[in-house]
Amino acid sequence: MEEIVLGLSKTVVEGTLVKVKAAIDEEAKLKLAVQSDLVFITGEFEMMQSFLNVADAERIKNNAVKTWVRQLRDLAYDTEDCIELVVHLDPKPRWWRRLLVLPCLPAVSLPMDDAAAEIKELKDRVEFVSQRNMRYKLITDFGGAKSVAQQQLDRAAGALDIAVEEAAKKGRSLVDLTELIPKMEDRPELGVISVWGTGGDLGVASIVRKAYDDPEICKNFHSRGWAKLTHPFDPRKILRSLFIQFCTNTAAPQKQGETLDVDSLLRMEKTVVEEGELVKQFVSHVSTHRFLVVLEGVSTMAEWDALRMYLPDMGNGSQIIVSTQHFDIASLCTGQLHKVSELRKFTPGHSVCVFFKEVSGGDDPGNAMLEGDDETELIGRDTEEDEHMEQIDEVSRVISVWGIAGVGKSALVRSAYCKYLQDRPNFAGLNLTYIHGRVNVPHPFNLREFCRSLLLNLSSEPAKTKEDAVAELANMTNPIDVCRKLLSDDQQQKQCLIVIDDLQSTEEWDRIKQALSFGKECCIIVVTNDSSVAKYCSGQDQKLMFNVKGLGDEHALDLFNTVYDGVGNHITRDEVMINQSKLMLNKCGGLPKVIVAIGRFLAKSLNWEAMNTNFIHQLENNPELASVHSMFSWLDSYFHNCPDELKPCIFYLSIFPRRHGIRRRRLVRRWIAEGYSRDTDGNLAEVNGENYFSRLVNLSMLTDAERDVNVAGTATGAGTGRRMAMCNINDFFREYIVSRRMEENHVFALEGRCSQTTRRTGRHLVIDKSWDGDESVFNRIEFSRLRSVTVFGPWKPFLASDKMRVLRVLDLEGTEGLTDNDIKNIVKRLPRLKFLSLRGCKHIFRLPKSLGRLRQLQTLDVRHTAVAGLPATVVKLQKLQYVRAGNTPEEYAVSDGTESSTSVPTCFSCGPVGNHIVGVEVPRGVENLTNLHTLGVIKATVAGLKELKKLTQLRKLGVSGINRRNHKELCAVVSGHGHLESLSIWFDKDTERIADPCSPSNDDFKPPEKLRRLKLHGHTDNLPAWVSTLKIFVTQDQ
């Protein structure tokens, strides 16, 4: 969690810097003294930002550093709040107020004076925090790069911390190396264990030797060999030594009274003399026998790569133990998602640690399931399997299968792959070579290792093609060259079907594609967790992308029951246990991997309530649920590498209840108001927010609520390219995020019956619909740093408190019991709002004139309320960017945010205008709201349309009431608009007599070149002639 603490702190400090610099530029509002203080604060924050940029997660584990980072984050929040207070002040000096003060009374302080005093105090706090860092030397080496030795020591400390934490969780101090070498039935794939000494190689060899000579381990491996690497490095010498030991082990007497196998020794003597024969015999031996190999003294990855190519993974449970003095080598040889534990502690400065993988099945946690379980985990996947089979039934394409880790992508692809090969016609007798195989991408990525593994897992018709390729590999031919020759076009007629599992980046795909030059008749199936990788590999072709979604409730329950009932002597469930199981299934996110794990666990456990209460903690730490531990390694790894600016956006998702539909626009606009998405040199805050949203969709953290699984659990695999309007948070991801809430209570909720004795403080308050509405509990909340309030239950008047002095976001979407008078109180008590949503509040009829006091307001959403017009004071809101208003019958409601930036046909139409309110009236002076980029739906008037011409930054516009009198003014607004992307028009009935109500009245009309979506509602038979010049999809409703 240290990476998250650090990332959130960096984001807060960066946002504060932006605010302070912007405030300095507003000279008209600030006194010279205040300006000088802000300049000082800016310099200090820039320096502290530099400190944070060099602080790593290991250093944040230090309690003193962690405390300093928390203090810095709180200071940054307070500074940002103070700056916004200054900006919010009335710029007029109001000097006359002092002239009215009687001599006998104390002088009246002006708001600017108070602000100046507060900024002065903040300056002192900033200086103290900076000095505290230097005084305790918390983060001081930012001026230069660490030495390699120092970096290794830092990582060593981190590794030991992890080891100690893991040991504490399991109630033990040290692990035994013999316990980490599994039997073949426990893990059939090739295992790699690395042993590393933090202070040198003292004691390493003896620990490894003890495990190597263990009688039980000797019985489990047909061949054993120990090689110590020397310099200069000679791989043939290593192979010769290992092969001699293999043959000696085989020829040696196994029982008392048996004689030595002299013939085997003679063959061995002949083999080791002939170099070419040595490689062939060695590869043949390790390909057909289960082996245990110890490589002592590995010092470079080049040495590891050179030897690893001769030790294939034949699925027989062979094992390699690497002994090294280098932390990086130990980590890289074991591969991604490994664990670290202590084997022995000799002195406080010297321990022997082991790097190992706890779960089998490849690097992708979604692949960590035994293939024998595939049939079970494919419950509810019949339709998806058939769809995927149809995709495979062609060549010369790249099919991308993507979805969240643990959703069962690999199981689905394996099943479809095998069925396709079974049903494939037999072309025996034809001059055709058919090659097929599956391979897991190694991590860290190694192209030679990838190609070597692919060659060993290939099958061919005729078989001689594969045999020749393996022979070349045995003759020391570069596996990349062998793969390229086998899969690329040549004189032979050749077809290929290759599955590449656990692809993690576009860079990996580029290297594979460039190196292997797949032939014209190669069908490649790529399995990945990331949607962006899937799009890249398939060339943006939606028909070749297959999204594997979580199971629906019905199929999730079927899978759980099948697994539960399949466990011998399982516990008979009563009604309480059945209800508990359903609650737990709701937290699984439809992930078969998690469902299978808890099904097997609960079949032998009685404490179901504890499992449900501490769901994530149990999954992550219970040894009996080890099959899902790798998923948390993947999640933690993602958060470790996640961009700092994205981390607060992710944790913000925990505000929304489980399975609560969230509009994309709502989420993005909230991110902007919170400062998580800001304007940058290249993009507006809106664009950056949309990009953040897309990243979370790409990782399946957010799923499309309108295309999600149905009640039967069936999901459509191929995408449509439609921009997601409504999303859900994956249930499992949400549970994970909630379990990682910050020590400062980033998000806290009032739900059910709350205790008055519980201290509640944080940045984001959620009012759940289950809360009993106890006002005394509410009044005990610390409001001073509250940034947002989100209400999902009925409204209570006391929920708007004037103590919420820095509140930015008030989200009341769908709140019941809200009245016009409540809105007056809200505006009076919360003058610093940036986001106000009243969407769906049916009993709101008008907005108060005092709305103009919300000078920081950026987003105003009164869609689907009874508001018929905006107050005249709205034109004072100079920072207003986004206004959504208007009301249509529920059955015709348009989903917000459905416009697309492509020409992919997606239609969300609304019905003809009737007696219902469609657009709201806007006051004169709306032309002054120059920051508006979204406006609609508004009621058209000639004067109002003329003012819209001056809103040059509009991206989205919705207008109702277009008729014979005003349609020409609308054309003038649209003509030549430089930013307009989406236009929605509602026509009155009298447009029936106009041939083309959207046609310009003169030849000066210029179509808006960036328009990508035009929606026409009402009575019109003809489309504008200029539409044909644009790349748009037109929706026309009669």
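Please read these numbers as outputs of a predicted model, since none were measured by experiment.

Here we take up the overall build of the protein. What the protein contains, in helices and strands, is 36 helices and 27 strands. Residue burial in the protein is summarised as follows: out of 1038 residues, 55% are buried. If you take every contact in the protein between residues at least 6 apart in sequence, the share linking residues at least 24 apart comes to 70%. Surface exposure of the protein reaches about 44900 Å², of which carbon and sulfur atoms provide 50%.

Take the pattern of salt bridges next. Scanning all chains against the criterion turns up 28 salt bridges. Between Arg 658 and Glu 735 there is a salt bridge, with the nearest N and O atoms lying 2.4 Å from each other. Of the two residues, Arg 658 sits in the loop between helix 29 (647-652) and strand 13 (662-663) while Glu 735 sits in helix 32 (residues 731-739), which places them 77 residues apart along the sequence. Classification of Arg 658 as partly exposed rests on a relative accessible area of 34%. The class of Glu 735 is buried, set by a relative accessible area of 11%. We note a salt bridge from Glu 921 to Lys 939, for which the minimum N-O separation is 4.0 Å. Taken together, the positions of Glu 921 in the loop between strand 22 (882-884) and strand 23 (934-939) and Lys 939 in strand 23 put the pair 18 residues apart, joining distant regions of the chain.

The subject of this paragraph is the environment of Gly 335. By the secondary structure assignment, Gly 335 is in the loop between helix 14 (327-334) and strand 5 (339-347). Gly 335 gets classed as buried once you look at its relative accessible area, which sits at 7%. When the C-alpha atoms of Gly 335 and Val 192 are compared, they prove to be 8.3 Å apart, with 143 residues separating the residues in sequence. Sequence-distant contacts of Gly 335, defined by excluding residues within four places in its chain, comprise Lys 357, His 443 and Pro 444.

This next bit is on the packing of aromatic side chains. Here the structure, examined in full by the defined rule, presents 16 aromatic pairs. Consider the rings of Trp 509 and Phe 518, whose centres lie 6.2 Å apart with planes at 20°: the pair is stacked. Exposure remark for Phe 518: the relative accessible area of 19% places this residue in the buried category. Of the aromatic side chains, those joined through ring pairs into one cluster are Trp 771, Phe 778, Phe 783 and Phe 798. The lysine or arginine in question, Arg 209, covers the ring of Trp 226, its NZ or CZ lying 5.0 Å from the ring centre. Sitting above the plane of the Tyr 212 ring, Arg 224 keeps its charged end 4.7 Å from the centroid.

With that out of the way, let us pick up the pairing of strand 9 (residues 458-461). The side-chain alternation of strand 9 yields one buried face, formed by Leu 458 and Ser 460, and one unburied face, formed by Ser 459 and Glu 461. Taken together, the four bridges between strand 8 (residues 433-440) and strand 9 define a ladder with antiparallel strand orientation. The residue of strand 9 that forms the bridge with Ile 435 is Ser 460.

Summarising the element assignment, Ile 781 is placed in the loop between helix 33 (775-779) and strand 18 (788-791). Along the backbone, Ile 781 and Leu 765 are 16 residues apart, and their C-alpha atoms lie at a distance of 9.6 Å. Ignoring any residue separated from it by four or fewer positions in sequence, one finds Ile 781 in contact with Phe 748, Leu 750, Arg 760 and Leu 765.

Next up on the list: the pairing of strand 18. Where burial is concerned, the two faces of strand 18 agree: the one with Ser 788 and Thr 790 and the one with Val 789 and Val 791 are both buried. Looking at chain direction, strand 17 (residues 764-767) and strand 18 are connected through four bridges and run parallel. Bridge assignment links Ile 767 to a residue of strand 18, and that residue is Val 791. With three bridges joining them, strand 18 and strand 19 (residues 809-811) adopt parallel strand pairing. Paired with Ser 788 across the strands is Val 809, a residue of strand 19.

Within the element layout of this structure, Gln 495 appears in strand 10 (residues 494-503). Take Gln 495: its relative accessible area is 18%, and that puts it in the buried class. Of the polar contacts made by the side chain of Gln 495, one reaches the side chain of Glu 521; its length is 3.2 Å. For Gln 495, the residues in contact, after removing those within four places along its chain, are Arg 424, Leu 432, Thr 433, Tyr 434, Ile 435 and Glu 521.

It is worth spelling out the sheet that holds strand 8 at this point. Strand order in the open sheet formed by six strands is 9-8-10-11-7-12, and the pairing between neighbours is mixed. Every interior strand has two partners, whereas the edge strands, strand 9 and strand 12 (545-547), have only one. Averaged over all pairs of adjacent strands, the angle between strand axes in this sheet comes to 10°, irrespective of strand direction. Helix-sheet contacts for helix 21 (residues 506-516) involve strand 7 (397-402), strand 10 and strand 11 (522-528), and the interaxial angle to strand 10 is about 155°.

So, on to the sheet that holds strand 13. The three strands are arranged 13-15-14 in an open sheet whose pairing can be described as antiparallel. Edge strands, defined here as strands with exactly one partner in the open sheet, are strand 13 and strand 14 (702-704).

What follows is about helix 30 (residues 664-674). Among the 11 residues of helix 30, 11 are classified as buried, and the element is accordingly described as predominantly covered. Looking at helix 30, one finds that the buried residues are Arg 664, Arg 665, Arg 666, Leu 667, Val 668, Arg 669, Arg 670, Trp 671, Ile 672, Ala 673 and Glu 674. Positive phi appears at Gly 675, one or two residues downstream of helix 30, with a value of about 90°.

Another point: the confidence of the model for the protein. Confidence along the protein averages 77 in pLDDT terms, with 72% of residues attaining 70 or more. Below a pLDDT of 50 lies the segment residues 166-172, which in the model reaches seven contacts outside its immediate sequence neighbourhood of four places, other chains included. Overall, residues 891-916 carries pLDDT values under 50, and its contacts beyond four positions in sequence, including any with other chains, amount to 66 contacts.

Running from amino to carboxyl end, helix 30 crosses helix 31 (residues 685-698) at an angle of 120°, the nearest separation of the two axes being 9 Å. Judged by the angle between their axes, helix 30 and helix 31 are oblique. Judged by the sense of rotation from one axis to the other, the crossing of helix 30 with helix 31 is right-handed. Contacts between helix 30 and helix 31 involve Arg 664, Arg 665, Leu 667, Val 668, Arg 669, Trp 671 and Ile 672 from the former and Ala 685, Glu 686, Gly 689, Glu 690, Tyr 692, Phe 693 and Leu 696 from the latter.

One finds Ile 598, Phe 615, Leu 619, Trp 671 and Phe 732 to be the most contacted residues of the largest nonpolar core, which totals 90 residues. Broken down by element, this core gets its largest block of residues, seven residues, from helix 25 (residues 592-602). Among residues more than four places away in sequence, those in contact with Phe 732 are Lys 587, Cys 588, Gly 589, Leu 591, Val 594, Phe 615, Ile 616, Leu 619, Met 631, Phe 632 and Leu 635. Ile 767, Leu 880, Ala 885 and Leu 980 belong to the second-largest nonpolar core, a separate cluster that totals 74 residues.

We now examine unusual backbone geometry. Residue Pro 232 is bonded to the preceding His 231 through a cis peptide linkage, with omega at 5°. If you trace the backbone, Pro 232 turns up in the loop between strand 2 (223-228) and helix 10 (235-251). The residue Arg 659 is not glycine, and still its phi comes out positive at about 60°. When you line up the elements, Arg 659 lands in the loop between helix 29 and strand 13. Take Arg 659: its relative accessible area is 41%, and that puts it in the partly exposed class. Look at His 864: it is not a glycine, yet its phi comes out positive at around 60°. Considering the arrangement of structural elements, one finds His 864 in the loop between strand 21 (859-861) and strand 22.

By secondary structure assignment, the location of Gly 315 is in the loop between helix 13 (301-308) and strand 4 (319-324). Gly 315 sits 125 residues away from Leu 190 along the chain, and the two C-alpha atoms are 6.5 Å apart.

Counted at 1.5 Å a residue, the expected span for helix 17 (residues 409-423) with its 15 residues is 21 Å, and the 21 Å between its end C-alpha atoms agrees. Regarding helix 17, the residues found buried are Lys 409, Ser 410, Ala 411, Leu 412, Val 413, Arg 414, Ser 415, Ala 416, Tyr 417 and Tyr 420.

Bringing the state of the cysteines into the picture now. All chains considered together, the criterion is met by zero disulfides. Of all cysteine sulfurs in the structure, the one in Cys 483 sits closest to Cys 451, which takes part in no disulfide; the separation is 4.2 Å. For Cys 451, a relative accessible area of 0% gives the class buried.

Cut-offs applied
- Residues numbered from 1 in each chain as written.
- Predicted model: local features only at pLDDT ≥ 70, side-chain atom pairs only at ≥ 80, totals over all residues.
- Heavy atoms only, no water.
- Helix = DSSP H or I, 4+ residues; strand = E, 2+ residues; numbered from the N terminus.
- Buried < 20%, exposed > 50% of the residue type's maximum accessible area, 1.4 Å probe, protein only.
- Contact = heavy atoms within 4.5 Å.
- Areas by Shrake-Rupley, 256 points an atom, 1.4 Å probe, with all protein chains shown as cover.
- Salt bridge = Lys/Arg side-chain N within 4 Å of Asp/Glu carboxyl O.
- Phe/Tyr/Trp six-rings, centres within 6.5 Å; stacked < 30°, edge-to-face > 60°.
- Lys NZ or Arg CZ within 6 Å of the ring centre and 35° of its normal.
- Pairing = 2+ DSSP bridges.
- Polar contact = N/O pair within 3.5 Å; in protein donor to acceptor, adjacent residues only side chain to side chain.
- Axes fitted to C-alpha atoms, helices over the stretch in contact; angles between N-to-C directions.
- pLDDT = per-residue confidence, 0-100.
- Parallel < 35°, antiparallel > 145°, perpendicular 65-115°, else oblique.
- Left-handed = near helix turned anticlockwise from the far one by under 90°.
- Core = buried A, V, L, I, M, F, W, Y, C linked by side-chain atoms within 4.5 Å.
- Expected span 1.5 Å × (residues − 1).
- Disulfide = S-S within 2.5 Å.

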